[in-house]
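# Examining the three-dimensional arrangement
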Amino acid sequence: MRHLLISDIHSNVEALDACIERAAAAGFDSVLCCGDIVGYGPDPNAAVARVRALEPRSVRGNHDRVAAGLGAADDFNLHAKTAVPWTRDALSHEAAAYLRDLPAGPRGLGGGAQLVHGAVTGEDDYILSSADAAESFRSTGARLTFFGHTHHACVFSLGPAGGVRLETPRGPDERWVAALDASVPYLINPGSVGQPRDHDARAAFAIWDTATSRVEFHRVAYPLETTQRKMRAAGLPTPLIERLRHGR
Ligand SMILES: [Fe+2]
């Protein structure tokens, strides 16, 4: 079984389309989504429609929760907060209802795997450091946890002595493969489809292949100028538009 892993699409359909096209060429049987389908970007309804069409097992992200009216944006940064009312106004009732019904993580997938948005400890928490990862490892019995929220593709693993190891698929390659050890717990972030923050502007996704016990990390270029043009036309904050070009 090959599971396409997507996260942090953030209303960027140019990036999402590029990822789906590349993933289709690589082959996948099911879709797993770690949330933040909307927020920041110019196409929230189209992003929801495309994700829905993939029939994913998904959790909600903090942006999905706030856009759906399930909470305030109190802990968002200034520009993210500015984009919230725009997204709420732009969302159709149907798209908002889909986001409202997404479950908060952790969402079990069977076989000792689960989805979360931010961390095992909460959808707003970040797993950025080994200490953050250790806290999530302590909080779950799942062997594989797929997460998003940081917009950084990475693999944290827990060694037998309790040490946490971090691997990051950085560099110009379009594909990087992590081989999973059946006896080791992992926290795996496929990276962000629509707003990467690892200084690489290309859209990110991953494919978890259960037959080979491998996770393939992919990067794909997309026409981000088109996304930026739409954001300018929508009057979204300039820093949110600029950051797409820099991948941060
Ligand atoms: Fe996000």
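All values derive from a computational prediction rather than experimental measurement.

Analysis parameters
Residues numbered from 1 in each chain as written. Predicted model: local features only at pLDDT ≥ 70, side-chain atom pairs only at ≥ 80, totals over all residues. Pairing = 2+ DSSP bridges. Helix = DSSP H or I, 4+ residues; strand = E, 2+ residues; numbered from the N terminus. Contact = placed C-beta atoms within 7 Å. Axes fitted to C-alpha atoms, helices over the stretch in contact; angles between N-to-C directions. Core = buried A, V, L, I, M, F, W, Y, C linked by C-beta atoms within 7 Å. Buried ≥ 20, exposed ≤ 12 C-beta atoms within 10 Å, placed from the backbone.

### Concerning the sheet that holds strand E1 (residues 2-6)
Paired through their backbone hydrogen bonds, the strands of a sheet run either parallel or antiparallel. Taken in spatial order, the 6 strands make up an open sheet running E3-E2-E1-E11-E12-E9, and their pairing is mixed. Either end of the sheet is taken by a strand with one partner, and the two such strands are strand E3 (57-58) and strand E9 (175-179). Along the sheet, helix H1 (residues 13-26) contacts E1, strand E11 (203-209) and strand E12 (214-220); its crossing angle with E11, the most-contacted strand, is approximately 30°.

### A word on the nonpolar core
Within the largest apolar cluster, 68 residues are counted, with the highest numbers of intra-cluster contacts made by Leu 5, Cys 19, Leu 99, Val 193 and Phe 205. Residue contributions to this core peak at 7 residues, all from H1. In this structure, Leu 5 is in contact with Leu 32, Phe 146, Pro 190, Phe 205, Ala 206, Ile 207 and Trp 208, ignoring residues within four places of it in sequence.

### As for the sheet that holds strand E8 (residues 164-167)
Judged by pairing direction, the sheet is mixed, and its 6 strands sit side by side in the order E4-E5-E6-E10-E7-E8 without closing on themselves. The open sheet terminates on both sides in strands that have one partner only, identified here as strand E4 (107-110) and E8. Here the average twist between neighbouring strands, direction ignored, is 20°. Judged from the 3 bridges that link them, strand E6 (residues 144-146) and strand E10 (residues 186-189) form a sheet pairing that is parallel. Within E10, the residue paired with Phe 146 across the bridge is Ile 188. In the packing of helix H6 (residues 130-138) onto the sheet, contacts are made with E6, strand E7 (154-158), E8 and E10, and the angle to E8 comes to roughly 120°.

None of the figures reported here should be taken as evidence of function without further support.
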